[in-house]
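Listed below, chain by chain, are the residues.
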Amino acid sequence: MVKDIESASSKVFFKELFCLSPEENSILAKEAIRLISILDEEFMLYFHEIESIIGGLNTYVIQEGNGSLKSVFERLKAEGVIGEYYFQTFISTDFEPSWTDFEKLEQYKALTFIVAIRQCTHQDVESRISTMCSEIRQLALGNRAYLRKLLPDILSLSYISLLSELEKLKDNENSLITDEAVLRQFASLYIPFSSALEKSIGIARTAKHNLDHISELKISSIKSLDDSIDFNASIIAEMRFDPKGQKNFAKEEALSDIDRKLAAITMNSDESHFVKQKKANAIYARLKKRSMHLPCDIYSASEYEISVLIKSCNEAFDSVNEPCARLLLLSLVLGNTTKQVRNRKLARSEHREVVGIQRQHKLPSHLNAKFCNNVQITTEVSKVIVLPLPEKIINKLSNIRFSNVTDEMLQQFIKEVNKKNNTHLSLVKISNYLQQTFTKKNYDPVIQAVIRGEDLDKLVALYYVQLNVSDVLNLFYRYINYLSGHGDHKQQEIFQIGPAMSDMEEKLGSQLFIETRKLQCLFAVLQSELKAKLRQSGKAKFSSDTHNLLTVYVQIILALSSGYRPVTGWFGRLSHINLDNHQYWISDKETQQVNTCRTIILPDICIQIINKYLRYVEQSIAYYQRQNIELCERYQAVLTSAEHFTFFINGNRVEEIRPKTYEAQIKDKLPLQLNWQRHHIRSYLAHEEIDHELISGWMGHSDIGGGLFSSCSSCSFREMQLIADSINTLLTEILGEGI
């Protein structure tokens, strides 16, 4: 079975390798056969597939032709496609026979060739293979002098010994090499050489992370269960290495892909390590429980306690405790700790009086306006919203730093209130009350996060949702009114609030929630062009242009219908879709160490479009079966689910779906970041008042309680039909008659 898989993978590999002219393919095949012939027998023992590889190479050899390896390399270089055709350029670069280490370098090239084939047929990481080939190519071009000087003498070493020598050279801690670039060059050879020996699929990483190279380490603010408990807790999120030039959509999706977290609990205790470990586990469990704000949580503030607080603060006005009362009320109103309140940016009137708090809500997707067919398709949004504050609380304040108020003074004030009224108030309970109230009333957590001024990475949905400023302010006013109901007429005066300072008609958040009329225009143009191409016959109907346009159209609809993240092999295989009951199995978070796949229901109109695409695939099989065997087999692989069910055609070559290839196809038609559909649908579903927990599960976002249908979830799979029906209504409105 394994040999059959390797044989099939080798065929695909050869088709990708020999994609040049027949003469150039013959030149590359002859060089490949020569490389295998000079490979030392000691290394050949580890590659059982050599015989079948030679058989495959012989099919591309032709006798006529006067070209040379140098001519192949020069043509690829002149066209600027060395990076795209990295394997062809690697084979076509040759070492100078006059070099004293010519035989050693030839042996490295031969081993690199056979290792690359082994890794490709085992579906290894392509970037590792291309980097390895690039290092040998650079050696052939006369570069990498230091690497060349230090390369072990492969002619006198076994495979195992060679790996041992390379490992010593690339090891940061033990190597005598101090140049980081050279260390990486040795690692580029060692890792695939080692992986090929083990016949591993992919690369097993056992190296330690060097903290000096970590771009970012996410650490939450310090948490506490209660003022009286002597401990601190922080959540340290997974370390992520952000590559240079990473797209905005990749940064957004990376934050929703965090799986590993570490809770750091510190406490003052002389108890044994075992006891402290048990206490730390209990503390973290309570923090998780509190974050869900369950009605049964005895550590949350009661309405009675809040009414006592408001009454006590009102009575403290015009007394020595007035600054403490003002700060505690601001903490209650804004849902922030007293430390956060002191650092908030103020909004002021024309007379420089404090009128509210200024919240900034700026997203990575906030770029310049995007146009298509001379029409601006992105939405103008505001990056700032002002939350007006109750006039009595901020009256005569020049700032809210409260520099004369210490934490000890606040705790003493609360202690006196608790003693007088037999309550259990704390700073933590007060600052959490807004979040507790919003959760109990099932308000949108995105609006809650905007009001509280949460960092973007605390709630992934903040990246995707477009909000109406009016919705945010209306919920804030509703919360203020709710607080004013916690007492008599005198307490209600505390929460009298001024008019809104922000424009109620403005939008806030994502720019990628596109107006329906604009989407209708965009799809009308796309569908008109596609219909014209599909009405043709013969070569025109089954051209790469028609295929690619249809593929892009299907992908846009499927992305809107499913919220699938832009990943390699986007949208999976046909077997992942049940065309009868419309269920769609999605696994777009493979970097995690746990099962994070999800199942959703596709809308009716999406299934209809998929069926039309499949009919085109069947017609393409009949058309290409005598004209292009490679394309015919790739179309057949769609129906058998042997390959991903969408792909592009570049010339006569199959081009698999990756974010980069998709972007090249779509940028002229719809110049938006690749996950704009996730922005649009999340915002649309929120405006349709679909339950926020259901939306998060549909998007693949998991909160602290786990996934959508985990033990802490209140949703059922039947509710997925609500989202499917809502999206079906939207798509019907956008697409009209479709194709």
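Residues numbered from 1 in each chain as written. Predicted model: local features only at pLDDT ≥ 70, side-chain atom pairs only at ≥ 80, totals over all residues. Heavy atoms only, no water.

## Side note on the overall build of the chain
What the chain contains, in helices and strands, is 32 helices and 13 strands. Relative to its 739 residues, the chain shows a buried fraction of 51%. Long-range contacts, defined here as pairs at least 24 residues apart, represent 70% of the contacts in the chain between residues at least 6 apart. As displayed, the chain has an accessible area near 36,200 Å², and 48% of this comes from carbon and sulfur atoms. (Helix = DSSP H or I, 4+ residues; strand = E, 2+ residues; numbered from the N terminus. Buried < 20%, exposed > 50% of the residue type's maximum accessible area, 1.4 Å probe, protein only. Contact = heavy atoms within 4.5 Å. Areas by Shrake-Rupley, 256 points an atom, 1.4 Å probe, with all protein chains shown as cover.)

## Things to note about the sheet that holds strand β4 (residues 354-360)
Taking strand neighbours across the sheet as the criterion, the three strands line up as β3-β4-β7 in an open arrangement whose pairing is antiparallel. One side of each edge strand has no neighbouring strand; the edge strands of this open sheet are β3 (346-348) and β7 (384-388). Looking at each pair of strands side by side, their axes are set apart by 40° on average, direction ignored. In the sheet, β3 pairs with β4 via three bridges, with the strands oriented antiparallel. Within β4, the residue paired with R348 across the bridge is V354. (Pairing = 2+ DSSP bridges. Axes fitted to C-alpha atoms, helices over the stretch in contact; angles between N-to-C directions.)

## Some remarks on the packing of helix α24 (residues 516-534) against helix α32 (residues 720-735)
Contact geometry for α24 and α32: axes closest at 8 Å, N-to-C directions at 60°. Taken together, the axes of α24 and α32 are oblique relative to one another. When α24 is examined against α32, the residues T516, L519, Q520, F523 and Q527 are found in contact with a partner set consisting of L730, E733, I734 and L735. Partitioning the contact of α24 with α32 into residue classes produces five nonpolar, three polar and one charged. (Parallel < 35°, antiparallel > 145°, perpendicular 65-115°, else oblique. Nonpolar A, V, L, I, M, F, W, Y, C, P; charged D, E, K, R; others polar.)

## Some remarks on the pairing of strand β10 (residues 583-586)
A regular strand places its side chains so that they alternate between the two faces of the sheet. The alternating pattern of β10 places Y584 and I586 on a buried face and Q583 and W585 on a face that is not buried. The pairing of β10 with strand β11 (residues 598-601) spans four bridges and is classified as antiparallel. Following the sheet pairing, I586 is matched in β11 by R598.

## Focus on the nonpolar core
One finds L332 and F523 to be the most contacted residues of the largest nonpolar core, which totals 144 residues. For F523, the contacting residues outside a window of four places in its chain are Y553, I556, I557, L560, I734 and L735. Listed in part, the 58 residues of the second largest apolar core include I53, L69, I117 and A140. (Core = buried A, V, L, I, M, F, W, Y, C linked by side-chain atoms within 4.5 Å.)

## With respect to the environment of L111
Locating L111 in the fold gives a position in helix α7 (residues 102-121). Given the relative accessible area of 0%, L111 is considered buried. Once the C-alpha coordinates of L111 and F193 are considered, the two residues, 82 residues apart in sequence, prove to be 8.4 Å apart. For L111, the contacting residues outside a window of four places in its chain are L39, F43, F47, I154, Y159, L162 and F193.

## Side note on the pattern of salt bridges
Inspection of the entire model under this criterion finds 15 salt bridges. As a salt-bridge pair, R653 and E84 come within 4.0 Å of each other at their nearest N and O atoms. On the criterion of sequence distance, the pair formed by R653 in strand β13 (residues 653-656) and E84 in the loop between α5 (69-78) and α6 (86-92) is long-range, its members being 569 residues apart. Given the relative accessible area of 24%, R653 is considered partly exposed. On the basis of relative accessibility, which here comes to 44%, the residue E84 falls in the partly exposed class. In this structure, R326 engages E322 in a salt bridge whose closest nitrogen and oxygen atoms are separated by 2.6 Å. Remark: E322 and R326 occur in helix α15 (residues 322-334); sequence separation between them is four residues, near one turn of the helix. Its relative accessible area of 9% is what places R326 among the buried residues. When salt bridges that share partners are traced, they join E31, R34, E106 and K109 into one network. (Salt bridge = Lys/Arg side-chain N within 4 Å of Asp/Glu carboxyl O.)

## A closer look at the packing of aromatic side chains
The geometry of an aromatic ring pair is captured by two quantities: the separation of the ring centres and the angle between the planes. Scanning the model with the defined rule gives 20 aromatic pairs in all. Centre to centre, the rings of F95 and W99 are 6.1 Å apart; their planes meet at 65°, and the pair counts as edge-to-face. In this structure F95 comes out as buried when scored by relative accessible area, which is 4%. On the numbers, 6.4 Å between centres and 75° between planes, the contact of F523 with Y553 is edge-to-face. (Phe/Tyr/Trp six-rings, centres within 6.5 Å; stacked < 30°, edge-to-face > 60°.)

## Observations regarding the pairing of β4
Counting buried residues in β4 gives five out of seven residues, a clear majority hidden from the surface. The hairpin formed by β3 and β4 contains five residues between the paired strands, and R352 there has a positive phi angle of roughly 65°. In terms of strand pairing, β4 meets β7 through five bridges, oriented antiparallel. Residue G356 lies in a different strand from β7, and its bridge partner there is P388.

## Some thoughts on unusual backbone geometry
Although it is not a glycine, D318 sits at a positive phi angle of roughly 65°. For F402, which is not a glycine, the phi torsion comes out positive at approximately 50°. Relative to the helices and strands, F402 resides in the loop between α17 (391-394) and α18 (407-421).

## A short note on helix α30 (residues 676-687)
Taking 1.5 Å per residue, 12 residues should reach 16 Å; α30 reaches 17 Å between its end C-alpha atoms and fits that length. The buried fraction of α30 is high, at 10 of 12 residues. For α30, the full list of buried residues reads W676, Q677, R678, H679, H680, I681, R682, S683, Y684 and L685. Looking one or two places after α30, you find E689, whose phi comes out positive at around 65°. (Expected span 1.5 Å × (residues − 1).)

## Overview of the confidence of the model for the chain
On average, residues of the chain carry a pLDDT of 80, and 81% of them reach 70 or more. Every residue in residues 237-245 is under pLDDT 50, and counting partners more than four places away or in other chains gives 26 contacts. Taken as a whole, residues 590-595 scores under 50 in pLDDT and shows eight contacts with residues more than four places along the chain or in a different chain. (pLDDT = per-residue confidence, 0-100.)

## As for helix α29 (residues 659-666)
Of the positions making up α29, those classed as buried are P659, T661, Y662, Q665 and I666. Burial along α29 is one-sided: seen end-on, the buried residues are contained in an arc of 165°. (Arc of directions from axis to C-beta.)

## Regarding the packing of helix α2 (residues 22-38) against α7
Viewed as axis vectors pointing N to C, α2 and α7 meet at an angle of 110°, and their least axial separation amounts to 9 Å. Viewed along their axes, α2 and α7 adopt a mutual orientation that is roughly perpendicular. Across the interface between the two elements, E31, A32, R34, L35, I36 and I38 from α2 touch E106, Q107, K109, A110 and F113 from α7. For the contact of α2 with α7, a count of residues per class yields six nonpolar, one polar and four charged.

## Overview of the environment of R682
Tracing the backbone shows R682 in helix α30. Separated by 119 residues in sequence, R682 and G563 have C-alpha atoms that sit 8.5 Å apart. Not counting the four nearest positions on each side in its chain, R682 is found in contact with A461, Y464, V465, H692, I695, S696, M699 and H701. In terms of polar contacts, R682 uses its side chain to reach the side chain of S696, at 3.2 Å. (Polar contact = N/O pair within 3.5 Å; in protein donor to acceptor, adjacent residues only side chain to side chain.)

## As for the state of the cysteines
Applying the stated criterion to the full structure yields zero disulfides. The structure places no disulfide on C324, whose sulfur is separated from the nearest cysteine sulfur, that of C313, by 9.1 Å. (Disulfide = S-S within 2.5 Å.)

## Topic: the side chain of E655
Its location among the elements puts E655 in strand β13. Within polar-contact distance, the side chain of E655 engages the side chain of N650 at 3.4 Å. Setting aside chain neighbours within four positions, we find E655 in contact with F647, F648, N650, T661 and Q665.

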